[in-house]
Amino acid sequence: MAWELKPDRPIYIQLLDYIKLGIISGKYLPGDKLPSVRDLAEEASVNPNTMQKALVELERLGMVYTQRTSGRFITEDTEMINKIKETVAKEKIVEFFESMEKLGFSPKETIQIIENEAKEIIL
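Cut-offs and rules
Residues numbered from 1 in each chain as written. Predicted model: local features only at pLDDT ≥ 70, side-chain atom pairs only at ≥ 80, totals over all residues. Heavy atoms only, no water. Axes fitted to C-alpha atoms, helices over the stretch in contact; angles between N-to-C directions. Helix = DSSP H or I, 4+ residues; strand = E, 2+ residues; numbered from the N terminus. Parallel < 35°, antiparallel > 145°, perpendicular 65-115°, else oblique. Left-handed = near helix turned anticlockwise from the far one by under 90°. Contact = heavy atoms within 4.5 Å. Buried < 20%, exposed > 50% of the residue type's maximum accessible area, 1.4 Å probe, protein only. Polar contact = N/O pair within 3.5 Å; in protein donor to acceptor, adjacent residues only side chain to side chain.

## Quick look at the packing of helix H1 (residues 11–25) against helix H3 (residues 48–61)
Reasoning step 1: With their axes 8 Å apart at the nearest point, H1 and H3 run at an angle of 55 degrees to one another. Classified by the angle their axes make, H1 and H3 are oblique. As H1 runs across H3, the sense of the crossing is right-handed. Where H1 approaches H3, its residues Ile-11, Tyr-12, Leu-15, Leu-16, Ile-19 and Lys-20 are matched on the opposing element by Thr-50, Met-51, Lys-53, Ala-54, Leu-55, Glu-57 and Leu-58.

## Digging into the side chain of Thr-75
Reasoning step 1: Position of Thr-75 among the secondary structure elements: in the loop between strand E2 (71–74) and helix H4 (78–102).
Reasoning step 2: When its relative accessible area of 9% is taken as the criterion, Thr-75 is described as buried.
Reasoning step 3: Within polar-contact distance, the side chain of Thr-75 engages the backbone nitrogen of Asp-77 at 3.1 Å.
Reasoning step 4: Among residues more than four places away in sequence, those in contact with Thr-75 are Pro-30, Gly-31, Gly-62, Met-63, Val-64, Tyr-65, Met-80 and Ile-81.

Here you go:
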């Protein structure tokens, strides 16, 4: 699976976001062992030091933890994972509404469009 990294943001932050998304989406389950720094870096085609920086930040956030001789693991705190998932969802919603506003839609019009599209999807 290719990691799409863009030049507009620091690479380690994009790596952090990618792994965070993997955790909140269920790709990595609570208690799962993460691949090694080298394996993740190779998969993402980045320097291992850059990947290490992202993983250290994820550890600081409490999303992963290190067992001295066994490697890094995903937190088992599902409540925290769900809170982060909800926060990310809210951020995406705000971004979406801001984008729609730039297109000239009011929040009410945006909601109407969403409702119409949802009806199409459900049918």
